[in-house]
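One letter stands for each residue in the lines below.
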Amino acid sequence: MHLETRPKAATCGKVVPTVLQAGDEDDPPDATTGPTAAKPVRPAPIPQSFPSLHVVRPSREKTARTTAQTRQFRNRFYPALPDKIWNDWRWQVQNRIRSLTQLEKMLNLSADERFALADSASRLPVGITPYYMSLISAGDSSQPLRRTVVPTVFEFVTGPGEADDPLGEEEQSPLPGLVHRYPDRVLLLVLDFCSTYCRYCTRSRVVGRGSIFPSRGRLEKAIDYIRSRPEIRDVLLSGGDPLTLGDDRLEWILSRLRQIPHVEVIRIGTKVPAVLPQRITPKLVRMLRKYHPLWMSLHFTHPDECTPEAFRACTALADAGIPLGSQTVLLKGINDSVAVMKSLVHRLMQMRVRPYYLYQCDPISGSAHFRTPVEAGLAILRGLRGFTSGYAVPTYVVDSPGGGGKIPVSPETVLGRDGEDLLLKNHHGNCFRYPDGAAD
Ligand code: SF4
């Protein structure tokens, strides 16, 4: 089991300085101490698999506080925990489920999962908020949400065409944690910490590894770089998850970017509304709305993530005037059918989140069990276009291996095949190969 060696990027649960200090570190507080310390997990009977959440009627969910599944989970594993503590995002972060010992108390682990959890060479740390854990089936290892966050042995198998950095981000980084691929946009990796780690993460080479800190020195250099290049009009904050920073630290970054006249738009990429909706507090939202135009790319994968809690989080962000788009990764056996994708995009629309991109899963090392053929994505688009609102149809893209950028997949951009490689044309007319033979 590979636990995070330095989960120091989160600012959860302690008072953070308004101004970052050079070399600052921000360990999450010890989960075994303090007023919101974890209650020991009680041995309890393993519940049967939860029924799929996406069949719950939306009209009821809008008014419900939570789902029956989450209520059952809390009663079973945190029976004495007050709502106030459960709904505290810092408590959720401090009490993430991270070990084989914790997981085997909550889930009937399959042999593939157990083996992966026991292996200290796991590619990516394990971390699941108690809230997200409450959405996971205890008895069904093939349940979609479970597959996205619980490791299996298939992560250890590196297939042809896969790489740790398939998008070539390292080569396009003039500074640590700053990717400058397109002339007018930069990607600033604020930190490498996430509250919940997705097993198919494109940046699994860095997230949770303790290599990208939100230190003042590094961020000031990145902001100086942006300030010195008037052509940069759009800054995307990502990571790791920027919303796992405390309010003060996040505002420190946003306020400095806002002081740069040529930065027109700031975007934040986050999965927090899906895995840690408690983080979207009124205080955070009041702070964010000061830095418009601010956009958010949310990461929703499956309709079961669209709970009452996620609905409230998205509503609060939308009410603050933040345009919300979802970036969904196409994942084999998880969301690769028209029915599931249609349910997801309809739920997103109800949460005022525009389905923005449908990503072909990047060929990161150990991702073959998640990747579909490109044809599966095209079939989903054919099943959506004309059969639902135009706003609900995302753009299907391949992030071209080698740093060619996102290429919308359509009859105009697919040039053909060469063996198992799909030949794609990007916006410059250049041809890139995508290894499309891994999963069928
Ligand atoms: S939330 Fe995003 S950055 Fe974090 S593990 Fe998931 S995909 Fe990777």
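Structural notes, computed from the coordinates. Position numbers for residues count from 1 along each chain, tracking the sequence in the order it is written. Predicted model: local features are reported for residues with pLDDT of at least 70 only, side-chain atom pairs are reported and counted for 80 or more only, and whole-chain, interface and lining totals are derived from all residues.

### With respect to the site of the ligand
Nearness here is judged by the C-beta atom: place it from the backbone, and if it falls within 6 Å of a molecule or strand, the residue counts as near that partner. Around the ligand, the neighbouring residues are Cys194, Tyr197, Cys198, Cys201, Arg203, Val207, Gly239, Gly240, Asp241, Lys271 and His299. Only Asp, Glu, Lys and Arg are considered charged, only Ala, Val, Leu, Ile, Met, Phe, Trp, Tyr, Cys and Pro nonpolar, and every remaining residue, Gly among them, polar. Residues that form the shell around the ligand fall into these classes: five nonpolar, three polar and three charged.

### Some points on helix H15 (residues 374-384)
All of the buried residues along H15 are Gly377, Ile380 and Leu384. Projected down its long axis, H15 carries its buried residues within an arc of 60 degrees, all on one side. For every residue pair, C-beta atoms are placed from the backbone, and the pair is scored as a contact if these atoms sit within 7 Å. Only DSSP runs of H or I with at least four residues qualify as helices, and only runs of E with at least two residues qualify as strands; both kinds are numbered from the N terminus onward. On its buried face, H15 is in contact with strand S6 (324-330), helix H14 (338-350), strand S7 (354-360) and strand S8 (395-400). Downstream of H15 by one or two residues, Gly386 has phi in the positive range, about 90 degrees. Exposure classification rests on a simple neighbour count of other C-beta atoms within 10 Å of a residue's own: a residue reaching 20 or more is buried, one at 12 or fewer is exposed, and one in between is partly exposed. C-beta atoms are placed from the backbone. Throughout, the arc means that of the directions going from the helix axis to the C-beta atoms.

### What to know about the nonpolar core
Leu188, Tyr197 and Ile253 are the most contacted members of the largest nonpolar core, which has 100 residues in total. Non-local contacts of Leu188, meaning those with residues more than four positions away in its chain, are made with Gly177, Leu178, Ala222, Val235, Leu236 and Leu237. As used throughout, a nonpolar core is a set of buried Ala, Val, Leu, Ile, Met, Phe, Trp, Tyr and Cys residues joined through C-beta atoms within 7 Å of each other.

### Thoughts on the environment of Val393
Structurally, Val393 can be placed in the loop between H15 and S8. Taking the C-alpha atoms as reference points, Val393 and Leu358, separated by 35 residues in sequence, lie 9.0 Å from one another.

### Some remarks on the sheet that holds strand S11 (residues 421-425)
The three strands are arranged S10-S11-S12 in an open sheet whose pairing can be described as antiparallel. Each of the sheet's edge strands pairs with one partner strand only, and the pair in question is strand S10 (414-418) and strand S12 (431-435). In this sheet, adjacent strand axes meet at a mean angle of 30 degrees when their direction is disregarded. Strands were regarded as paired on the criterion that DSSP finds at least two bridges between them. The pairing of S11 with S12 spans five bridges and is antiparallel. The residue of S12 that forms the bridge with Asp421 is Pro435. Every axis corresponds to a line fitted to the C-alpha atoms, with the helix fit spanning only the stretch in contact, and the corresponding angles, defined between N-to-C directions, vary from 0 to 180 degrees.

### Digging into unusual backbone geometry
A cis amide bond links Gly239 to the next residue, Gly240, at an omega of 15 degrees. Secondary-structure assignment places Gly240 in the loop between strand S3 (234-238) and helix H10 (247-258). Residue Pro293 is reached from His292 by a cis peptide bond, and omega for that bond is -5 degrees. Here Pro293 lies in the loop between helix H12 (282-288) and strand S5 (294-298).

### Considering the packing of H14 against H15
Running from N to C, H14 and H15 cross one another at 60 degrees; their axes reach a closest spacing of 9 Å. Judged on the interaxial angle alone, H15 and H14 are oblique. Classified by chirality, the crossing of H15 by H14 is right-handed. Where H14 approaches H15, its residues Val338, Met341, Lys342 and Val345 are matched on the opposing element by Ile380, Gly383 and Leu384. Its residues assigned to classes, the contact of H14 with H15 comprises five nonpolar, one polar and one charged. An angle below 35 degrees is treated as roughly parallel, one above 145 as roughly antiparallel, one from 65 to 115 as roughly perpendicular, and anything else as oblique. Left-handed describes a crossing whose near helix is turned anticlockwise from the far helix by less than a right angle; the clockwise case is right-handed.

### A look at the environment of Leu422
Looking at the secondary structure, you find Leu422 in strand S11. For the pair Leu422 and Tyr434, spaced twelve residues apart in sequence, the C-alpha separation works out to 5.1 Å. Contacts of Leu422, omitting those with residues within four sequence positions, involve Val374, Val414, Arg417, Tyr434 and Asp436.

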